[in-house]
Amino acid sequence: MATLNYLNNGHGLASWLLTKDHKRIALLYLASITGFFFLGGLFAFMIRLELMTPAGDVMTAETYNKMFTMHGVVMVFFFLIPSIPAVLGNFLIPIMIGAKDLAFPRINLLSWYIYILGGVFTMYAALSGGVDTGWTFYTPYSTAAANSHVMAAALGIFITGFSSILTGLNFIVTIHRMRAPGMNWFRLPLFVWSHYATSLIMILGTPVIAITVLMVAAERALHLGIFDPALGGDPVLFQHLFWFYSHPAVYIMILPAMGVISEIVQAFARKNIFGYSFVAFSSLAIAVIGFLVWGHHLFVAGQSVYAGMIFSFISYLVAIPSAIKVFNWTATIYKGSVSIDSPMLYAFGFIGLFTIGGLTGLFLAAMGLDVHVHDTYFVVAHFHYIMVGGAIMGYFAGLHYWWPKMTGRMYSDIWSKVAAIIVFAGFNLTFGPQFILGYLGMPRRYHAYSDEFQVLNVLSSAGASILGVGYVLIACYLVYSLFKGQAAGANPWRATGLEWKTESPPIPENFTETPIVNEGAYEYSKREIKVA
């Protein structure tokens, strides 16, 4: 008879759709988020197809506007923001702190249903004609001029915001109240620290975007003069409100990935993490300072030079805790016994690509240079080096690292390494040329462009094809492993941490008895023999 685990504890659709097990809810999120990821990728494919030629000959300008808007909306609100917290965070946080579940299991399930409901409204907007405002919904175009389905998409984003708030609330209460005996704050895994910081941003920032979207809907439906200057409103007020949430949202996307990399680097370097407390507190520093930098999106929107100088300075300041993490990961790897397994390949990719993304962010934080490259492909490249090179690389690193724990199966070692290399190469070929395009002056969001930009755009589109092949390959071997993969032991990576002391896949209540913690999360020096 098969050993009881969370996967075979109940059969039939109802046992999944009504489950209160955090691990099953994580898999529900995994399935739905994967669907949105490939949908967003389809929109991206259409964008790159159009940009292969200078003349806008594949689709009209209006259709192209809808493609990049739906790509942004789907990828940001329905994949990037929930990906690591809702899948890996949901699955791992209770196990990592020695708890049986999250603090509010029913609210956890409710958050998934709210996410799906928001997705339904957004998909209705996409299928019934799309939205053409850009994912930023800038006013007054979105409130007065756009004749696409702005209301439906805005409602979808508004609803999904509540899923974020509930998830963040659940994580904060769980981390505060449900840690195992002996699990003090400085024995917490860094993955948990990063999710704690992320949850603070979710709770404090998401209501701002919710109320902003609500005001857009109110102005559009009731013609209130909030943002439309023709009605006595201020369109720059919308930009302030939008970016007050949406810049911290970048840290909602990247902080969990940083937590994943902290776990992987120590596991595959066989070393205690260098400067644990600095890495932990840098997560909180990013969460706090991240709320103070939104004005760097408005350097060319007419704000005063003095406000710009302050926002520029704080934007440089927020780079410091990110740099602390990168230097500490590098110091952890230095002279470590490094295993080049596929999660570590993604971690190496993350560190390199995130560093490029972060440094180009400093270019954009400099007011004089930002005036030159604002709204060009330089911004697109920077953003994607952080979001795809950072957040998505981190997501796949975590998925590969904890896949044996989640499913009890190992995937193909060879194919996973091949896919990591394909994704890395395809990504750089896609977005590397866009830095040059932007510096040369090609504006973003144009479906037709000058002939001299074609070579770089063809390179970018070719890279997108390679990147797409890499992502499809990952999906193929992970699904294959569910049916044909070798059985994984409890700890296939010989890593530390409570999640590796449970069976693979874990039992329904995670542990047969509550673990007692008497050492830190990363204690390799006590159990590994140092080789000279």
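Residue indices begin from 1 for each chain and proceed along its sequence in written order. A pLDDT threshold of at least 70 governs which residues receive local features in this predicted model, and a stricter bar of 80 or more applies before side-chain atom pairs are shown or counted, although totals over entire chains, interfaces and linings include all residues. Here the side-chain values reflect all heavy atoms present in the structure, with hydrogen atoms and water set aside.

Visitor: Sorry if this is basic, but what is going on with the packing of aromatic side chains here?
Guide: To describe a pair of aromatic rings, you give the distance between the ring centres and the angle between the ring planes. Classification of ring pairs uses Phe, Tyr and Trp, with its six-membered ring standing for Trp, and accepts pairs whose centres are within 6.5 Å; under 30 degrees between planes counts as stacked, over 60 as edge-to-face, and the remaining range as tilted. According to the stated counting rule, one finds 47 aromatic pairs in the structure shown. Centroid distance F350 to F354: 5.5 Å. Interplanar angle 10°. Geometry classified as stacked. Here F350 pairs with F354, and both are found in helix α11 (residues 342–365), just four residues apart, close to one helical turn. Comparing F350 with F354, the two get one shared label, buried. A ring has a charge above it when a Lys NZ or an Arg CZ is no more than 6 Å from the ring centre and no more than 35 degrees off the ring normal. The ring of W16 has R24 sitting right over it, with the charged end atom 4.1 Å from the ring centre. Helix and strand definitions follow DSSP, with helices as H or I runs of at least four residues and strands as E runs of at least two, each counted in order from the N terminus. Burial classes: relative accessible area under 20% of the type maximum marks a residue as buried, over 50% as exposed, and values in between as partly exposed (1.4 Å probe, protein chains only).

Visitor: What is the right way to read the environment of L155 from this model?
Guide: With respect to the secondary-structure elements, L155 resides in helix α6 (residues 150–177). Accessibility expressed as a relative area gives 36% for L155, which makes it partly exposed. Counting along the chain gives 58 residues from L155 to V213, while the straight-line C-alpha distance between them is 7.8 Å.

Visitor: Help me out: how do you make sense of the nonpolar core in this one?
Guide: Only buried Ala, Val, Leu, Ile, Met, Phe, Trp, Tyr and Cys residues count toward a nonpolar core, and they belong to the same one when joined by side-chain atoms within 4.5 Å. One finds L88, F350 and W402 to be the most contacted residues of the largest nonpolar core, which totals 169 residues. If you tally residues by element for this core, the top one is helix α3 (residues 61–96), at 22 residues. Excluding anything up to four places from it in sequence, F350 contacts I254, A257, M258, I261, W329, T355, G389, G390, A391, M393 and G394. Two residues form a contact once any of their heavy atoms are found within 4.5 Å.

Visitor: Even after reading the chapter, I still don't get the confidence of the model for the protein, so can you show me in this structure?
Guide: Any residue range with low pLDDT should be treated as having predicted coordinates unsuitable for detailed reading. pLDDT is defined as a per-residue confidence score from the predictor, taking values between 0 and 100. Chain-level statistics for the protein give a pLDDT mean of 94 and a share of 98% at 70 or above. Here residues 527–532 scores under 50 on pLDDT; set against residues more than four positions off or in separate chains, the count is four contacts.

Visitor: Looking at this model, I keep getting lost on the packing of helix α7 (residues 190–222) against helix α8 (residues 235–269). Mind explaining?
Guide: For any two helices packed against each other, the geometry comes down to the angle between their axes and how far apart the axes lie. At their nearest, the axes of α7 and α8 sit 8 Å apart, and the two run at 160° to each other. Comparing the axis directions of α7 and α8 gives the class roughly antiparallel. Here α7 and α8 pass one another in a crossing that is left-handed. Between N-to-C directions, angles span 0 to 180 degrees; the directions come from axes that are lines fitted to C-alpha atoms, helices contributing only their stretch in contact. Oblique is the label for any angle not covered by the other classes, which are roughly parallel (under 35 degrees), roughly antiparallel (over 145) and roughly perpendicular (65 to 115). Take the far helix as your reference; a near helix turned counterclockwise from it by less than a right angle gives a left-handed crossing, and one turned clockwise gives a right-handed crossing.

Visitor: What should I look at first to understand the side chain of S342 in this one?
Guide: Position of S342 relative to the elements: it lies in helix α11. Taking relative accessible area as the criterion, S342 reaches 1% and is therefore assigned buried. Apart from residues no more than four positions distant in its own chain, S342 is found in contact with H400, Y411, S416 and K417.

Visitor: It is not clear to me how empty space enclosed by the protein should be interpreted in this structure. Could you clarify?
Guide: To find leftover empty space, a probe the size of one water molecule is rolled over the atoms. Here a cavity is any set of points on a 1 Å grid over the protein atoms alone where a 1.4 Å probe fits but cannot get out, and a pocket is any open set with protein on both sides within 12 Å along at least 5 of 7 lines; a residue lines the site when it has an atom within 4 Å of a point. Grid points are joined across faces, edges and corners, and a volume is the space filled by probe spheres set on the points. The final tally for this structure, using the stated rule, is three cavities of 30 Å³ or more. When its volume is computed, the largest cavity comes out at roughly 160 Å³. If you trace the largest cavity, you find 17 residues lining it, with F77, I81, P82, T160 and S164 closest to the centre. Looking at the lining of the largest cavity, the elements with two or more residues in it are α3, α6 and α7.

Visitor: Where do I start with the pattern of salt bridges in this structure?
Guide: A side chain of one charge can pair with a side chain of the opposite charge when the charged atoms of the two come close. The working definition used for a salt bridge is a side-chain nitrogen of Lys or Arg within 4 Å of a carboxyl oxygen of Asp or Glu. If you walk through the whole model with that rule in mind, you get five salt bridges. As a salt-bridge pair, K100 and E509 come within 3.9 Å of each other at their nearest N and O atoms. On the criterion of sequence distance, the pair formed by K100 in the loop between α3 and α4 (105–127) and E509 in the loop between α15 (454–484) and α16 (524–527) is long-range, its members being 409 residues apart. Judged by its relative accessible area of 48%, K100 falls in the partly exposed class. In this structure E509 comes out as partly exposed when scored by relative accessible area, which is 46%. Its salt-bridge partner being K417, residue D413 comes within 3.3 Å of it at the nearest N-O pair. With a gap of four residues between them, D413 and K417 both fall in helix α14 (residues 413–440), about one helical turn apart.

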